Amino acid sequence: MSQIFNAVNIQLRRNVYAYQYFRRIAQRTIWCAPQKCAGEGDHGSYVLGKRWKDTAETVVIGGGCVGVSLAYHLAKAGMKDVVLLEKSELTAGSTWHAAGLTTYYHPGINLKKVHYNSIKLYEKLEEETGQAVGFHQPGSIRIASSAVRVDEIKYQMARAHWHPTPQFLIGPEKVKELFPLLNMDKVLAGLYNPGDGHIDPYSLTMALAAGARMYGAQIYNPAPVTALAPTPDGKWDVQTPHGTIRANRIVNVTGFWAREVGKMIGIEHPTIPVHHQYVVTSTVPEVKALKTELPVIRDLEGSYYLRQERDGLLFGPYEQEEKMVLQDSWVRDGVPPGFGKELFESDLDRIMEHVEYAMEMVPVLKNADIINIVSGPITYTPDLLPMVGPHQGVQNYWTAIGFGYGVIHAGGMGKFLSDWIMTGEPPFDLIECDPNRYSKWTTVPYLCAKARESYGFNNVVGYPKEERFAGRPTSRVSGVYELLKSKASMGFHAGWEQPHWFYKPGDDVGYKPSFRRTNWFEPVGRECKLVMEKVGVIDLTPFGKFMVKGKDSVKLLDRLFANVMPKVGLTNISHMLTPSGRVYAEVTITQLAPGEFLLITGSGSELHDLRWIEKEAVDGGYDVDITNVTENIGVLGVAGPKSREVLQKLTDEDMSDAAFKFLHCKSIRLAGIPLRATRISYTGELGWELYIDNKDMAAVYLAIMEAGQNEGIDNFGTYAMSSLRLEKGFRGWGAEMNCDTNPLEAGLDYFIKLNKPADFIGKKALQEIKAKGLKRNWPTSPWTQTILTQRAMKPSGTRARWLATQPQGPTAIPSSRAWRLRTCRLS
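Every chain begins its residue count from 1, and numbering advances along the sequence as written. Residue-level local features of this predicted model are given only where pLDDT is at least 70; pairs of side-chain atoms are given and counted only at 80 or more, and the full residue set underlies all totals for whole chains, interfaces and linings. Values reported for side chains reflect all heavy atoms of the structure, with hydrogen atoms and water molecules removed beforehand.

S.K.: I tried to follow the overall build of the protein chain on my own but got confused; where do I start?
M.R.: Summing up its helical and strand segments, the protein chain has 26 helices and 32 strands in all. A 1.4 Å probe rolled over the protein chains alone gives each residue an accessible area, and that area as a share of the maximum for its type sets the label: buried under 20%, exposed over 50%, partly exposed in between. Within the protein chain, buried positions represent 59% of all 827 residues. Each accessible area is a Shrake-Rupley estimate made with a 1.4 Å probe; only the visible protein chains count as cover when residues are assessed. Per element, the accessible surface of the protein chain, about 32100 Å² overall, is 52% carbon and sulfur. What counts as a helix is a DSSP run of H or I of at least four residues, what counts as a strand is a run of E of at least two, and both are numbered from the N terminus.

Right, here's the structure in full:
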């Protein structure tokens, strides 16, 4: 280790990678010179007085790579008045010092599309704009040096075929061929992505800026935003020292200044800067001798990335959560005035464990001289994913913030957001990046705990159904949480704690993820059997819940939903569609009283759906009152063939099929406590959902559990519910339907009323789709139909009696909720 320390130049450790920094400064001066006007100073800014616009269609606030990409894409798409405001100079903040990695890989499915679009843009950007971007594409390899990492790679390979980019599972011999300087002692396999590589972030941003100007966008700097004032017609007055711009919409793309901009309009964005370090070496003879550039490697066990930088190497580690550093003072006190292209003090000691890993895996590092350690701020959200899209509760305010990997996201996210702004709907499903996934429960302590965890877990094994526990629980706990928390493995849903599965004596308890059969396999099967044969109780409190009432409530909901509105005391399943006819949301709607509706949506869709509803209410000028009552109302699901017997013991209300029909809702008293009961169940069995004041939830739960002892009552969790709904062929939003799917493809015909008088959003597009014929359908093959038919038709006498009256064969399976309707009505 003394070799490493002796090689470090202390002065350079405290400064930027000098050569690259001054090269970029020179590039910036040369690039800015043609833009100067008479009398302009040497800082390379516009003479704002001569170019200033008083109005704009869109004002993009922030001149990093993401903000400039958005301006470029909007202008290229034909938007005439695009203005970008940068407080100091383009790339200030996190962009200029980024390591610039680019990869097609992402462990999720949707963000792969963003990565793909970024790389395809970067490949052609120099030709389009005439500006060099410094794009290298030597490929990348994710190193697997343990058996579980090989499982992870195989799991990811199974998901890779959703996308057009090539990806390969390669053996040690191929890994060695591609990266000959690697110590192969621990290498079992690699995940190889051709076309991956790295790009110069400064050059990329300047090329995007050149393209934005070429298509008509205006870029002003230095032009700090000092205030944001909404106007009565939903526009914004964007105030700067140079004047005010009236904008139809604003987009916050300000990196680690996002909180400051959000606070101007009363929004606390959950973002925080993290200290990220990377190390740059001088020339390494073995690297210089190579005939082709080394691929980027990611040593997952060592938790670092490594790539070639000219004739040397650059590697960046992700420290464990107890060692990494948050710049939490910026959350408390704001970013220091004037901070732009400064860096933090580097700390080699903090990353020495990873340096040792890297030297063991790439031995030539042992004799390499370190010429610089860069330590700069990158922005994290609690879950490490950015916040991209329109914000709920504020008109025409959009965000593209929280980018921990801004360079690879910049091109694709710029296009994604531009398409959304131009067409009025997201071009594909990306709900995991919805800025509305956070709310008031996202406190600063929670933010800090999760950002620390997310940074430290950067390269942990990515299991299916992953749970992370830092910062939990939040303020969002149901009325039965204290009763259940020691009995169940809890999951996290939009801030809520909700049981995934329940323990019994002899079970292997706790969270133990795996790529194979997990410790919850048998318990979940036990819970499924419980619900199919007896009666189970589930906490469904995380549902999003909205009250909509007022003179125009029926008109608004008829415009928003493709189904007809239920009559008073009835419930139905309805879908909000996008203008192009895709499924934006699935909602259960109950009309409680004339013109008063209760809307129920999934926990992860709460503010996602509320924003869409509120926007249509404002745009259409509807006289309605919309209230989010999610945290006021607890929900218990009671399901199974014996559920009626249990509930009847606790109420004077007649719970028989004749008196309480399927999809009916009644206000009843259960164990003396008033609540709303809706006869519906996502399990497909006989069941009710009980909507209760949260403070009374525990009393109702205990009464139900006591009353059901003779019927064998017990708890069940969301894993069993998901298994049961799949057995019945019920669709789930975010899985079998989403913004990538139209409802006819998803088999939701039963709920789409194309003949209803109201001109609901997406109606015209859906009529055209139906006329042209579907390109795909659900199920997608005879084999899938047969399997699903067998599963759906397997259980109990209720279905057997119904099936006896139906045509047989693999095509006889009814569409999702229609099957649910027919089955449950027989109970």
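S.K.: I keep staring at unusual backbone geometry and nothing clicks. Help me out?
M.R.: Across the chain, the bulk of peptide bonds are trans and the bulk of non-glycine residues have phi less than zero. The peptide bond linking asparagine 221 to proline 222 adopts the cis configuration, its omega dihedral lying at 0°. By the secondary structure assignment, proline 222 is in the loop between strand E9 (218-220) and strand E10 (227-230). The linkage connecting arginine 472 with the following residue, proline 473, adopts the cis geometry, with an omega of -5°. Structurally, proline 473 is set in the loop between helix H15 (444-456) and helix H16 (481-484). Of note, arginine 310 is a non-glycine position whose phi angle comes to about 55°, a positive value. Positionally, arginine 310 belongs in the loop between strand E15 (304-309) and strand E16 (312-317). Its relative accessible area of 43% is what places arginine 310 among the partly exposed residues.

S.K.: Looking at this structure, how should I read the packing of helix H6 (residues 110-129) against helix H9 (residues 201-214)?
M.R.: Between two packed helices, the angle of one axis relative to the other and the distance separating the axes together describe the packing. Every axis corresponds to a line fitted to the C-alpha atoms, with the helix fit spanning only the stretch in contact, and the corresponding angles, defined between N-to-C directions, vary from 0 to 180 degrees. Contact geometry for H6 and H9: axes closest at 10 Å, N-to-C directions at 55°. Relative to H9, the element H6 lies oblique. Viewed along their axes, H6 and H9 form a crossing whose handedness is left-handed. In this structure, H6 contributes Leu121, Tyr122, Leu125, Glu128 and Thr129 to the contact, and H9 contributes Leu204, Ala207, Leu208, Ala210, Gly211 and Met214. Here the nonpolar group is Ala, Val, Leu, Ile, Met, Phe, Trp, Tyr, Cys and Pro; Asp, Glu, Lys and Arg are the charged ones; every other residue, Gly included, is treated as polar. Residues of the contact of H6 with H9, tallied by class, amount to eight nonpolar, two polar and one charged. Just so you know how the angles are binned, under 35 degrees is roughly parallel, over 145 roughly antiparallel, 65 to 115 roughly perpendicular, and the rest oblique. Working rule for handedness: look at the near helix, and if it is turned counterclockwise from the far one by less than a right angle, call the crossing left-handed; if clockwise, right-handed. Here a residue-residue contact requires only that any non-hydrogen atoms of the pair lie within 4.5 Å.

S.K.: Is there a simple way to think about the sheet that holds strand E31 (residues 687-693) in this case?
M.R.: Across a sheet, strands are paired by hydrogen bonds formed along the backbone, either parallel or antiparallel in direction. Strands are labelled as partners when DSSP assigns at least two bridges between them. Spatially, six strands are ordered E29-E30-E31-E28-E22-E32 in an open sheet, and the strand pairing comes out mixed. The open sheet is flanked by strand E29 (665-670) and strand E32 (714-715), the only strands paired with a single partner. As judged from the three bridges shared by strand E30 (residues 673-678) and E31, these two strands associate in the antiparallel manner. Looking across to E31, one finds that arginine 676 is bridged to tyrosine 691.

S.K.: Would you take a moment to explain the pairing of strand E20 (residues 488-493) for this structure?
M.R.: Moving residue by residue along a regular strand, the side chains alternate between the two faces of the sheet. For E20 and strand E21 (residues 496-502), the ladder comprises six bridges, and the chain directions are antiparallel. The residue bridging histidine 493 from the neighbouring strand is tryptophan 496, located in E21. Between E20 and E21, which pair antiparallel and follow one another directly, the connecting turn spans two residues, one of which, alanine 494, has a positive phi of 55°.

S.K.: What is the right way to read the packing of aromatic side chains from this model?
M.R.: For any pair of aromatic rings, the description consists of the separation of the ring centres together with the inter-plane angle of the planes. Stacked, edge-to-face and tilted are the three classes for Phe, Tyr and Trp ring pairs, Trp counted by its six-membered ring, which pair at centre distances within 6.5 Å; planes under 30 degrees apart are stacked, over 60 edge-to-face, the rest tilted. With the rule as written, the count across this model stands at 31 aromatic pairs. Look at tryptophan 236 and tyrosine 397: their rings are 6.4 Å apart centre to centre, the planes differ by 55°, and that puts the pair in the tilted class. Of this pair, tryptophan 236 sits in strand E11 (residues 236-240) while tyrosine 397 sits in strand E19 (residues 397-401), and the two are 161 residues apart along the sequence. Taking 5.6 Å as the distance between ring centres and 50° as the angle between the ring planes, the aromatic pair formed by tyrosine 380 and tyrosine 455 counts as tilted. Highlighted residues: tyrosine 380 in strand E17 (residues 370-380) and tyrosine 455 in helix H15, separated in sequence by 75 residues. Just as tyrosine 380 is buried, tyrosine 455 falls in that class too. Aromatic ring contacts, followed pair by pair, group Phe256, Trp257, Trp330, Phe339 and Phe344 into a single cluster. Charges are assigned to positions over rings by a cutoff of 6 Å between ring centre and Lys NZ or Arg CZ, combined with an angular limit of 35 degrees from the ring normal. It is lysine 450 that lies over the ring of phenylalanine 492; its NZ or CZ is 6.0 Å from the centre.

S.K.: Even after reading the chapter, I still don't get the side chain of histidine 198, so can you show me in this structure?
M.R.: Note that histidine 198 resides in strand E8 (residues 197-199). By the criterion applied in these results, polar contacts are pairs of N or O atoms within 3.5 Å in which, for protein atoms, one can donate a hydrogen and the other can accept it, and in which residues neighboring in sequence qualify only through two side-chain atoms. Within the structure, the side chain of histidine 198 is placed 2.7 Å from the side chain of glutamate 293, a separation counted as a polar contact. Within the structure, histidine 198 has its side chain in polar contact with the side chain of arginine 307 (distance 3.4 Å). Beyond its immediate stretch of four places on either side in the chain, histidine 198 contacts Ala99, Gly100, Leu101, Thr102, Gly134, Phe135, His136, Glu293, Arg307 and Gln308.

S.K.: How do you make sense of the pattern of salt bridges when you look at a structure like this?
M.R.: When the charged atoms of two side chains with opposite charge come close together, those side chains can pair. Here a salt bridge means any side-chain nitrogen of Lys or Arg lying within 4 Å of a carboxyl oxygen belonging to Asp or Glu. Enumeration over the complete set of coordinates arrives at 42 salt bridges. Here lysine 120 makes a salt bridge to glutamate 123, at a shortest N to O gap of 3.5 Å. Remark: glutamate 123 and lysine 120 occur in helix H6; sequence separation between them is three residues, near one turn of the helix. By relative accessible area, lysine 120 is classed as partly exposed at 34%. For glutamate 123, a relative accessible area of 37% corresponds to the partly exposed category. Between arginine 437 and aspartate 383 there is a salt bridge whose closest N-O contact spans 2.9 Å. Linking arginine 437 in the loop between helix H14 (406-423) and H15 with aspartate 383 in the loop between E17 and strand E18 (387-390), this pair joins segments that are 54 residues apart in sequence. On the basis of relative accessibility, which here comes to 15%, the residue arginine 437 falls in the buried class. Assessed through its relative accessible area of 32%, aspartate 383 is described here as partly exposed. Each of the salt bridges in this network shares a partner with another, and the network as a whole consists of Arg149, Glu152 and Glu301.

S.K.: Explanation requested: the confidence of the model for the protein chain in the structure shown.
M.R.: Detailed reading of the predicted coordinates is not advisable wherever pLDDT is low. Summarising the model, the protein chain shows a mean pLDDT of 89, and 88% of its residues fall at 70 or more. Residue range residues 1-47 is modelled with pLDDT below 50. Its contacts to residues more than four positions away, or to other chains, number 87 contacts. Counting contacts from residues 780-827, a segment whose pLDDT is below 50, to residues more than four positions away or on other chains yields 74 contacts. For every residue, the predictor reports its confidence as pLDDT, a number between 0 and 100.

S.K.: Mind showing me how you'd approach helix H17 (residues 521-533) here?
M.R.: Because an α-helix completes one turn every 3.6 residues, residues spaced three or four positions apart along the sequence face the same direction. Here the expected span of a helix is defined as 1.5 Å times the quantity of residues minus one. Between its first and last C-alpha atoms H17 spans 19 Å; for 13 residues at 1.5 Å apiece the expected length is 18 Å, and the two agree. Residues Pro523, Val524, Glu527, Cys528, Leu530 and Val531 constitute the buried set of H17. Looking straight down H17, one finds that the buried residues subtend no more than 155° of arc, so they occupy a single side. The exposed set on the far side of H17, more than 90 degrees from its buried face, consists of Glu522 and Lys529. What the arc describes is the spread of directions from the helix axis to the C-beta atoms.

S.K.: Just to check I follow, could you spell out the sheet that holds E17 for this structure?
M.R.: Ordered in space as E6-E7-E5-E14-E15-E16-E13-E17, the eight strands form an open sheet in which the pairing is mixed. Only two strands of the sheet have a single partner each, and these edge strands are strand E6 (168-170) and E17. Ignoring strand direction, the axes of neighbouring strands in this sheet form an average angle of 25°. One ladder, built from ten bridges, connects strand E13 (residues 272-281) with E17; its direction is antiparallel. Paired with valine 279 across the bridge in E17 is isoleucine 373. This element, helix H13 (residues 352-361), spans strand E5 (140-144), strand E14 (296-299), E15 and E16 of the sheet and lies at about 60° to E15.

S.K.: Looking at this structure, I do not really get the packing of helix H18 (residues 553-560) against helix H19 (residues 606-619). What am I missing?
M.R.: Where H18 contacts H19, the axes come no closer than 10 Å and their chain directions differ by 120°. With respect to H19, the axis of H18 lies oblique. Between H18 and H19 lies a crossing whose hand is right-handed. In contact with Leu556, Arg559 and Leu560 of H18, H19 contributes Trp612, Ile613, Glu616 and Ala617. Counted by class, the contact of H18 with H19 contains five nonpolar, no polar and two charged residues.

S.K.: Could you clarify how one ought to interpret H19 in this entry?
M.R.: The terminal C-alpha atoms of H19, which comprises 14 residues, lie 20 Å apart, in line with the 20 Å expected from a rise of 1.5 Å per residue. Along H19, the residues that are buried comprise Glu606, Leu607, His608, Asp609, Leu610, Arg611, Trp612, Ile613, Glu616 and Ala617. Two residues or fewer past H19, glycine 621 is found with a positive phi of approximately 65°.

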